[in-house]
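# Summary of structural features
These are the residues of each chain, in order.
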Amino acid sequence: MSGKERKKVRCWMDIDINKTREAYQRCKDFVAAKNLAYNLTSNELEELGGSEKKRIKETLYPNDYEWSQKGRIQLKMPPERLTFEVWPEVAPLAVENFLSLIKGDKGKGQCGKPLHYKGSSLHRIIKGFVAQGGDFVMNNGTGGESIYNGKKFKDDKDGLKIKLDKRGMLAMGNTGKNSNSSQFFLCLEDCSKLTGKHVGFGELVEGFEVLDLIERCGREKNDVEDGVPLYSVDIADCGVCAD
């Protein structure tokens with residue numbers, strides 16, 4: 001590798017919007033339990049035809065009092081995966097912190113909770129601006145903790161030079177200079193005004209259709225709710241891609 005080449009590492013997050021995983025499992029359970037009663041051709045949701053699935057959604061499930069009380073159903077899982085490319089040579093502190101929190105390999109933090117993004121949410125989504133997450137402590141943007149003994153860590157100088165000028169750029173959230181913890185954000189459009197203020201350390205390379213779904217859950221700019229999502233947007237799972 002030459003000195004000018006940028007080392008790249010890929011990692012991923014599976015995003016569950018509005019508890020869709022639960023809704024899909026509920027639908028599978030419904031079919032397994034009720035296929036004989038409703039004369040379905042299989043007890044496996046995936047094996048049913050389109051007309052049968054339509055009947056489940058429009059009549060069978062809504063009219064089944066016992067099951068309809070359990071919550072909504074989802075007939076098909078939407079795309080979930082965001083795949084990122086991160087740059088350890090550009091922002092070594094930010095990338096080490098991010099990848100460790102992706103893997104969850106550092107045990108529990110000072111807050112007593114696992115140092116892991118899994119199970120946390122994207123707590124702030126503003127259409128045409130950013131989608132922010134990483135607060136696995138409070139899940140509302142008031143918390144966060146780094147792998148560095150829970151302390152806030154300094155800005156990677158080269159990371160501050162990364163231009164946050166397009167959709168999918170990945171950067172650290174902060175409350176000012178050298179105040180990085182675990183919060184991060186994805187740009188939803190050109191956020192060049194944030195360049196130099198936040199450490200850029202990667203970008204989205206696959207899953208832009210998932211980012212579109214995430215943005216639909218967001219608030220408009222200047223909304224009084226300040227980006228609180230319309231529906232839950234959770235990190236159901238995450239990990240590092242094999243080399």
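Everything below is about the structure printed above this text.
Let us look at the structure shown here. (Residues numbered from 1 in each chain as written. Predicted model: local features only at pLDDT ≥ 70, side-chain atom pairs only at ≥ 80, totals over all residues. Heavy atoms only, no water.)

A separate point is helix α1 (residues 20–34). Between its first and last C-alpha atoms α1 spans 21 Å; for 15 residues at 1.5 Å apiece the expected length is 21 Å, and the two agree. Thr20, Ala23, Tyr24, Arg26, Cys27, Phe30, Val31 and Lys34 are the residues of α1 that are buried. Looking down the long axis of α1, one finds its buried residues gathered within 155° of arc, a one-sided arrangement. Those residues of α1 that are buried lie in contact with β1 (9–17), α2 (50–63) and α3 (65–68). (Helix = DSSP H or I, 4+ residues; strand = E, 2+ residues; numbered from the N terminus. Expected span 1.5 Å × (residues − 1). Buried < 20%, exposed > 50% of the residue type's maximum accessible area, 1.4 Å probe, protein only. Arc of directions from axis to C-beta. Contact = heavy atoms within 4.5 Å.)

It is worth spelling out helix α4 (residues 92–103) at this point. Its 12 residues place the ends of α4 16 Å apart at the C-alpha level, agreeing with the 16 Å of an ideal helix rising 1.5 Å per residue. Buried positions along α4 lie against β1, β2 (81–86), β5 (169–172), β6 (184–187), β7 (200–206) and β8 (233–240). Within two residues after α4, Gly104 carries a phi angle of roughly 65°, on the positive side.

Of all hydrophobic cores here, the largest spans 39 residues; its most connected members are Met13, Phe84, Val86, Phe98, Tyr117 and Ile214. The leading source of residues in this core is α4, at 6 residues. Residue contacts for Ile214: discarding those within four places in its chain leaves Ile15, Ile17, Leu82, Leu122, Ile125, Ala131 and Val233. Judged by nonpolar contacts, the second largest core, of 13 residues, contains Ile126, Val130, Met169 and Phe185. (Core = buried A, V, L, I, M, F, W, Y, C linked by side-chain atoms within 4.5 Å.)

This part covers the packing of aromatic side chains. In this structure the tally under the stated criterion is 10 aromatic pairs. Taking the centre distance of 5.9 Å and the plane angle of 35° together, the rings of Phe30 and Tyr38 count as tilted. Put simply, the rings of Phe84, Phe98, Tyr117, Phe136, Phe184 and Phe201 touch in pairs and so form one group of aromatic residues. When the ring centre of Trp67 is taken as reference, the NZ or CZ atom of Lys70 above it lies at 4.6 Å. Above the ring of Trp12, the side-chain terminus of Arg81 is found at 3.8 Å from the ring centroid. (Phe/Tyr/Trp six-rings, centres within 6.5 Å; stacked < 30°, edge-to-face > 60°. Lys NZ or Arg CZ within 6 Å of the ring centre and 35° of its normal.)

In this section: the pairing of β7. The element β7 is largely enclosed, with a buried count of 5 among its 7 residues. Judged from the 4 bridges that link them, β2 and β7 form a sheet pairing that is antiparallel. Counted as the bridge partner of Val86 is Gly202 from β7. Across 3 bridges, the pairing between β5 and β7 is antiparallel. Within β7, the residue paired with Met169 across the bridge is Glu203. (Pairing = 2+ DSSP bridges.)

Attention shifts here to the pattern of salt bridges. Tallying each qualifying case throughout the model produces 16 salt bridges. A salt bridge links Arg21 to Glu80, with the shortest nitrogen-to-oxygen separation between them at 2.8 Å. Of this pair, Arg21 sits in helix α1 while Glu80 is found in the loop between α3 and β2, placing the two residues 59 residues apart along the sequence. By relative accessible area, which is 15% here, Glu80 ends up buried. Note that Asp226 is salt-bridged to Arg124, the shortest N-O span being 3.8 Å. (Salt bridge = Lys/Arg side-chain N within 4 Å of Asp/Glu carboxyl O.)

Axis separation between α1 and α2 bottoms out at 12 Å; the angle between their running directions is 70°. Relative to α2, the element α1 lies roughly perpendicular. When the axes of α1 and α2 are compared, the crossing they make is left-handed. Facing Arg26, Cys27, Phe30 and Val31 of α1, the residues of α2 in contact are Ile56, Leu60 and Tyr61. When the residues that make up the contact of α1 with α2 are grouped by side-chain class, the tally is 6 nonpolar, no polar and 1 charged. (Axes fitted to C-alpha atoms, helices over the stretch in contact; angles between N-to-C directions. Parallel < 35°, antiparallel > 145°, perpendicular 65-115°, else oblique. Left-handed = near helix turned anticlockwise from the far one by under 90°. Nonpolar A, V, L, I, M, F, W, Y, C, P; charged D, E, K, R; others polar.)

On to unusual backbone geometry. Backbone geometry at Asn139 places phi at a positive 60°, although glycine is not the residue there. One non-glycine residue, Asn222, lies in positive phi territory at about 70°. Summarising the element assignment, Asn222 is placed in the loop between α5 (208–216) and β8. The exposure class assigned to Asn222 is exposed, which follows from its relative accessible area of 80%.

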